[in-house]
Amino acid sequence: MYSAPDEPAPAAPPKDDLSSVPLKRTPTQSRSREKVSKALAAADRIAVREGVDALTLTRVAEEAGLSVGALHQYLPDRDAIAAALVARYHERIENLMDDVIDRIEVEELADPVAEVIGHIAGIYTDERSVQIVRSIARLPGGPGRAHKARMAVKVCELMQACGLTGCDMTVARTVFAAADAVMHEAFSAVGEDGATTPDTALLAELEDMIRAYLDQR
């Protein structure tokens, strides 16, 4: 049965770490990296308040207290800004999977499936993450496909760490695709106050479905 994780989800990547962020040009000086970090923080705030459609270069520059010219060489348009936010969201999810795999290698988890679903749900509960998740569908397929491929590898590593030796990449891709689709559906409802409330019954059913599938392997 799904329940919220006891521990908070891993923090987002450090704001000054731009290694995984797709930028038109990579900033090499600390001052330039600081500007890009400020712009991404500003974009995050705008996405939460006004939605992804408001992520114009002009709006982000104004929110960050920077000039348009200072940002154009790194984040030239809405798609580039949204893609950068999505990349950080993807990195957060992938770091979560690495943390769970590392924990399994040193301690036995009673329910790895619940562990992963619970912590990912904790990330989705954050309003900033929800806004970014909803923006993914509007972006070109490249970032999403790459993330799914990396996640399938991590799911395979997780299953092997749990002793599920019969699982291969096809099984891992199936598990991730199912979990990803149900997770999006579980967090699709928005209340009158604009808050996202997870469908806990759907998340619990997702856990049971994955367990039943893996038990047959």
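What you are looking at is a predicted structure, and each value in this text was computed from that prediction instead of being measured.

### Focus on the overall build of the protein
At step 1: In terms of regular secondary structure, the protein is built from nine helices and zero strands.
At step 2: For the protein, the accessible surface area stands at approximately 11,300 Å², while carbon and sulfur atoms represent 51% of it.

### Let's talk about the environment of R25
At step 1: Tracing the backbone through its elements, the reader meets R25 in the segment before α1 (30-50).
At step 2: Sequence spacing of R25 and L75 is 50 residues, and the spatial spacing of their C-alpha atoms is 8.3 Å.
At step 3: Beyond its immediate stretch of four places on either side in the chain, R25 contacts Q73 and Y74.
At step 4: Within the structure, the side chain of R25 is placed 2.3 Å from the side chain of Q73, a separation counted as a polar contact.

### Some thoughts on the environment of A42
At step 1: If you trace the backbone, A42 turns up in helix α1.
At step 2: Measuring from C-alpha to C-alpha, the distance between A42 and E62 comes to 8.7 Å, with 20 residues separating the pair along the chain.
At step 3: Ignoring sequence-local partners within four residues, the contact set of A42 consists of V60, E63 and A64.

### A closer look at the packing of α1 against helix α4 (residues 78-106)
At step 1: Axis separation between α1 and α4 bottoms out at 10 Å; the angle between their running directions is 95°. Put simply, α1 runs roughly perpendicular to α4. Of the residues in α4, those touching α1 at L40, A43, D44 and A47 are I81, A84, L85 and R88.
At step 2: Classifying every residue of the contact of α1 with α4 by side-chain character gives six nonpolar, no polar and two charged.

### Thoughts on α1
Two residues of an α-helix separated by three or four positions point the same way, owing to the 3.6 residues in each turn.
At step 1: End to end, α1 covers 30 Å across 21 residues, agreeing with the expected 30 Å (1.5 Å per residue, within 8%).
At step 2: For α1, every residue scored as buried is listed here: S32, V36, S37, A39, L40, A41, A42, A43, D44, I46 and A47.
At step 3: Within two residues after α1, G51 carries a phi angle of roughly 95°, on the positive side.

### Description of the nonpolar core
At step 1: Membership of the largest hydrophobic core comes to 31 residues, with the highest contact counts inside it found for M159, M183, I210 and L214.
At step 2: Those elements that provide at least two residues to this core are α4, α5 (112-125), α7 (141-161), α8 (169-186) and α9 (200-215).
At step 3: Beyond its immediate chain neighbours, meaning those up to four positions away, I210 contacts V113, I117, V175 and A179.
At step 4: I46, A54, L57 and A61 belong to the second-largest nonpolar core, a separate cluster that totals 25 residues.

### Remarks on the confidence of the model for the protein
At step 1: A residue-level look at the protein finds 78% of positions with pLDDT of 70 or above and a mean pLDDT of 78.
At step 2: Predicted confidence in the protein is weakest over helix α6 (residues 127-136), with a mean pLDDT of 56, and strongest over helix α2 (residues 57-64), with 94.
At step 3: Under a pLDDT of 50 for its full length, residues 7-14 has, in the predicted model, 14 contacts with residues more than four places off or in other chains.

### A short note on the pattern of salt bridges
At step 1: In this structure the tally under the stated criterion is eight salt bridges.
At step 2: As a salt-bridge pair, R49 and E63 come within 3.0 Å of each other at their nearest N and O atoms. Note that R49 is positioned in helix α1 and E63 in helix α2, a separation of 14 residues in sequence.
At step 3: A relative accessible area of 25% means that E63 is categorised as partly exposed.
At step 4: Measuring nitrogen to oxygen at the nearest pair gives 2.6 Å for the salt bridge that ties D111 to R211. Taken together, the positions of D111 in the loop between α4 and α5 and R211 in helix α9 put the pair 100 residues apart, joining distant regions of the chain.
At step 5: The partly exposed category is assigned to D111, whose relative accessible area is 28%.
At step 6: Ionic contacts of the salt-bridge type, sharing partners, join the residues D111, E207, D208 and R211 into one network.

How each quantity is defined
Residues numbered from 1 in each chain as written. Predicted model: local features only at pLDDT ≥ 70, side-chain atom pairs only at ≥ 80, totals over all residues. Heavy atoms only, no water. Helix = DSSP H or I, 4+ residues; strand = E, 2+ residues; numbered from the N terminus. Areas by Shrake-Rupley, 256 points an atom, 1.4 Å probe, with all protein chains shown as cover. Contact = heavy atoms within 4.5 Å. Polar contact = N/O pair within 3.5 Å; in protein donor to acceptor, adjacent residues only side chain to side chain. Axes fitted to C-alpha atoms, helices over the stretch in contact; angles between N-to-C directions. Parallel < 35°, antiparallel > 145°, perpendicular 65-115°, else oblique. Nonpolar A, V, L, I, M, F, W, Y, C, P; charged D, E, K, R; others polar. Expected span 1.5 Å × (residues − 1). Buried < 20%, exposed > 50% of the residue type's maximum accessible area, 1.4 Å probe, protein only. Core = buried A, V, L, I, M, F, W, Y, C linked by side-chain atoms within 4.5 Å. pLDDT = per-residue confidence, 0-100. Salt bridge = Lys/Arg side-chain N within 4 Å of Asp/Glu carboxyl O.

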